[in-house]
Structure formats: C-alpha cells, structure tokens
Amino acid sequence: MSKLQPARGTRDIYGDEARGMRAVVDTFQRVAGSYGFEELATPIFEFTEVYKRPLGETSDIVSKEMYSFESSARESGDKEAEQLTLRPEFTAGVCRAFISNGMQQHLPCRFMSWGPAFRRERPQKGRYRQFHQINAELLGQDAPEADVDIIAMAWRLLRELGLGDKVVLHLNTLGDKESRAAYRNALVDYFGAHRDQLSEDSLRRLESNPLRILDSKDDADKALVAGAPLMSDCMNEDSKAFFEAVKTGLETIGVPYRHDERLVRGMDYYCHTAFEFITTELGAQGTVLAGGRYDGLVEQLGGPPTPGIGWAGGIERLAMLSGAGTSTLRPVIIMPMGDVAMQKAFEVAETLRAANHTVLTDRSGNLKKRLNRANKSNARFAVIIGDNEVTEGVAALKDLDTGTQNDVKFEQLVTIISSATGETS
RNA sequence: GCGGGUGUAGCUCAGUAGGUUAGAGCGCCAGCUUGUGGUGCUGGAUGUCGCCGGUUCGAAUCCGGUCACUCGCCCCA
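What counts and how
Residues numbered from 1 in each chain as written. Chains lettered and ligands numbered in written order. Predicted model: local features only at pLDDT ≥ 70, side-chain atom pairs only at ≥ 80, totals over all residues. Heavy atoms only, no water. Near = heavy atom within 4 Å. Polar contact = N/O pair within 3.5 Å; in protein donor to acceptor, adjacent residues only side chain to side chain. Helix = DSSP H or I, 4+ residues; strand = E, 2+ residues; numbered from the N terminus. Nonpolar A, V, L, I, M, F, W, Y, C, P; charged D, E, K, R; others polar. Salt bridge = Lys/Arg side-chain N within 4 Å of Asp/Glu carboxyl O. Buried < 20%, exposed > 50% of the residue type's maximum accessible area, 1.4 Å probe, protein only. Expected span 1.5 Å × (residues − 1). Arc of directions from axis to C-beta. Contact = heavy atoms within 4.5 Å.

J.: Requested: an account of the protein's contact with RNA strand B, with residues and values cited.
T.: Taken together, 51 residues are adjacent to RNA strand B, and Arg119, Arg127, Arg205, Arg212 and Asn375 come closest. Among atoms of RNA strand B positioned within 4 Å of the protein, sugar and phosphate together represent 55%. Residue Arg205 places a side-chain N or O atom 2.5 Å away from a phosphate oxygen belonging to RNA strand B. Here Gln405 contributes a side-chain N or O atom positioned 2.9 Å from a base nitrogen of RNA strand B. For the surface near RNA strand B, the secondary-structure elements that each account for two or more residues are helix 3 (60-65), strand 6 (130-139), helix 8 (200-208), strand 10 (287-293), strand 11 (308-314), helix 15 (367-376), helix 16 (387-392) and strand 15 (394-399). In terms of residue count, helix 15 provides more of the surface near RNA strand B than any other element does, seven residues in total. Of the residues assigned to the surface near RNA strand B, the class counts are 13 nonpolar, 16 polar and 22 charged.

Have a look at this one:
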C-alpha cells in the first residue's frame, strides 16, 4: 500500500467503474435530449453566496459540508479577495446562470448538466466527498404538467438503465409557501409539546428543520411521528389541486409511485412536489435520484420570479446499481512480423480506424504471445502481416472466434472486416 | 461530527498460547512450441503483513496512536 493516497472521500475512477459511470451519463444525455433538454455547464465553483442563500444558513450543507475558500486578492491580481465555494449541488448554480444570462426571455428553459460536486461528509459506500451527479432543471413552467414531464423523464432514464424494478418512486407534496409554513408551525407545535420524548437529533431538528423529524430513524421519534399532523391537513385548496394534478398525470402515463407523507427535502427552497427514487440495494444510501419544485429560488437569488422544477441523480449510485461497465469493445489487432511489415501496419491501422474500427498494433513478442494478448483484449480479428505478405500484397486475416484464417488483399481488408462486424462507415 | 468492524502479493484470502528465509488460489512472466491463440504440464518473480510508536531477547500476531476502507447514525444524490 503506497503512502500516496487520494484525499479522503475522493478516488481515481477507471476501468469498469469509469465505463459504468459514462454509460449513465450517455444514457442521461440521450434521454434528456429526447425531452428537449439542452446542455448547460456551469462553473465548478461559485461565489459562496450562490449556495448560502438558497440552501439556508442553518442547513448542514452550508454550515459544515461546503468546501469554501477565499481567493488571495494579491496573488490573483483581483482588487479584493473573493469568497468561493466548490459546488455542493447543481440547482443553485443553474439558476444563477439563468439569471446571469438573461434567459427569462426564452422560457421555458430545459437544462441538463453533469459533473462533480463536493460535500465534506463522512465517506461511505455510495457517498463520497467528490461525487458526480446528473442534473435536470426545467424553468418557467408553473403547471403540474411540468412536474409530470420531468418525473417521467427520470423514470424513462431509470428504466433504460435497467433499474425499473430496483427502484421505487416516493412522492409527496410540501404545498405552496403558505401551506408549507402552516405545516411547519403545526409540527413545531406538536413536537414542541413532546420535547421530552424527542431524540437529541430531533431536538436539534426542531430548531433547524422540523420537517426532517418526520424521517427520523430513532424508534422513540417514530412513535411520535405516527401521531404527528399530516401535510395534507395543512394544505390549502390550491396546493391540494396541484398535487392531485401531478398524481393524475403520472397515472395517465403509467409511472408507478407511492405517496409517502414522510418524504421531505433537505434544501430550504423546495415547495409542492418532492420525489425520490429509492432502492433498498445500497444500504443507507438508498436515494438514487431525487428532486422537486422550487418556485421561489430564482427570485431569491435576485432574478425575476420564475417557477422551476428539477432533479439530480447520483452517478456513482446509479452505476453501482445498474452494474453496467463491462467493456464490449472488440478491437482489431495488427501484428506486423518484420521491418517492412512494421511500416505497412501503420497504413492498415489508419485505414481501419477511418472505417470506425478500434485498432491496436502489437509489435512485441512472438506470434503466440501476441495472439494470447489479443484474446485477453477480447479482439475479434488479428491481421498478421509479414514481410513476405507485404510483397504479395496480402495480409493473413484471422478470425479469433472461429480460428479460421485467410489471406486477404490489403484493399479488401476493410470491406471484409466491416461486413463481419456489422460496422458501417 | 458520533458509534461498530476491517487493513497480509496485482486480486480473493489463509496464517495469533509472540519464535528460523510469511503462505494458497487466481492473475502475471518464462519454457515445453525459431511466424499461429484460448486447455495442459514445468519453472519463476512479487510483499517495508496500512503507517508511526511502545512492550519484548524476539511482533503480521500484544498495547497505544494515526491513516484508509467499511456498516450504522447524522446528512444527502
């Protein structure tokens, strides 16, 4: 074990894991694209304010998990030092970009983003300090149909990743501002009257985020929660109608869900629809994709009042669950066996690459060794070129699956290999 | 941030009443086979036993600390 380790909670991503994560992103891009989402890549760090304000000063993310730093004014040549933060999530940055670029003129906006995010938490399986998310935001639509659309998109993505039966959609509503405030008060009243029975953690939540008490895992808390007021009791008519419309829409297009009255959100800016796709296969890190509506966020950041809804998915978690990642590449291996052949190999390799084949040239060792390596790389064809072949204008083309080998004229190599592998150029 | 577990070869793991050069399987390398593979046989290389310190004549083994991973809590994708 080397002394050189990556920083806690970070790691190097390669091999099957890298392939699996890339498959998640590729699928996301394709699916989100089919819903009209366009790429928006925001900076990996922003002014600290961008995250501090919307997430809420008291949230754990802001109060102890953000990687914040002050740029040195003198060394950077700036007039004064800047307070900066590595992004702990995507939504706030996307909204900031929306405002900065005056995008309210082009509503509705559909943005897809992906990349690393940073939170200083205790690492665990499926929980890293640098982790990766795919993110979708839909700005400028306040109708419940937008909620249905974006959840449908998530569901389609999950099914395309083969997770349709590994994941359950938990759905809830937090109501509009008025309803949410009323519910919060009701909870504070209720739990406040039972302070003596609350766990230490929940006592703290009573101050910071009372809604969070609802999903406490403490047994005593759970007993209390069972008798707690329900969101549905505190909702006004508008909020109820909104939620009904979302549920009806999901039923219409056949997205299965479970109404979970205990589902809440970590971030302050959420209202109305909240949802999480949850699996039981990843231990404590069961939430694989989650999101909700945030109608007040853009305004809070100083932009024009703009409704929004979005979600984020954990790429590591999705990749772990879907198990994708095994390489399916079937390269063609060129094996030059002499000085003249060595030169010819370049030409053959380039021609094949131009026709969309993955081509490697193996120049070392005897033929036996090279064929052995070719097997391990899952190659389909070996092109053996010796000096005598070059003078005759042919290469020995060996099909590694069947073991058959034929002399093929150089001009015909591409055609024959392409038709065998189904590659169209 | 809190509590529990683990840390021996590239990988999966044996190995503790403390005792010569620390093991297996897989993988890797070479040979049997001077330009024809996957099986087989033979041989070979590789470890500061996570790190630092302590106890001891002697530590992979006992003790303390530390780092990393892992499970749960917290939080959350």
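That covers the picture; the talk isn't over yet.
J.: Just give me the short version of the pattern of salt bridges, but keep the residues and values in it.
T.: Counted under the stated rule, the structure contains 19 salt bridges. One salt bridge connects Glu17 with Arg11, and the closest N-O pair in it is separated by 2.8 Å. Given a relative accessible area of 33%, Glu17 falls into the partly exposed group. On the accessibility criterion, Arg11 (22% relative accessible area) is partly exposed. Between Asp215 and Arg212 there is a salt bridge, with the nearest N and O atoms lying 2.7 Å from each other.

J.: Before we move on, could you go through helix 7 (residues 177-192) and cite the residues and values that matter?
T.: Its 16 residues give helix 7 an end-to-end C-alpha distance of 22 Å, which sits within 8% of 22 Å, the value for a rise of 1.5 Å per residue. Turning to helix 7, its buried residues are Ser179, Arg180, Tyr183, Leu187, Tyr190 and Phe191. One side of helix 7 carries all its buried residues, which in axial view fall inside an arc of 95°. Of the exposed residues in helix 7, the ones pointing more than 90 degrees away from its buried face are Lys177, Glu178 and Asp189. Looking at the packing, one finds that the buried side of helix 7 touches helix 8, helix 9 (219-226), helix 10 (231-234) and helix 11 (237-252).

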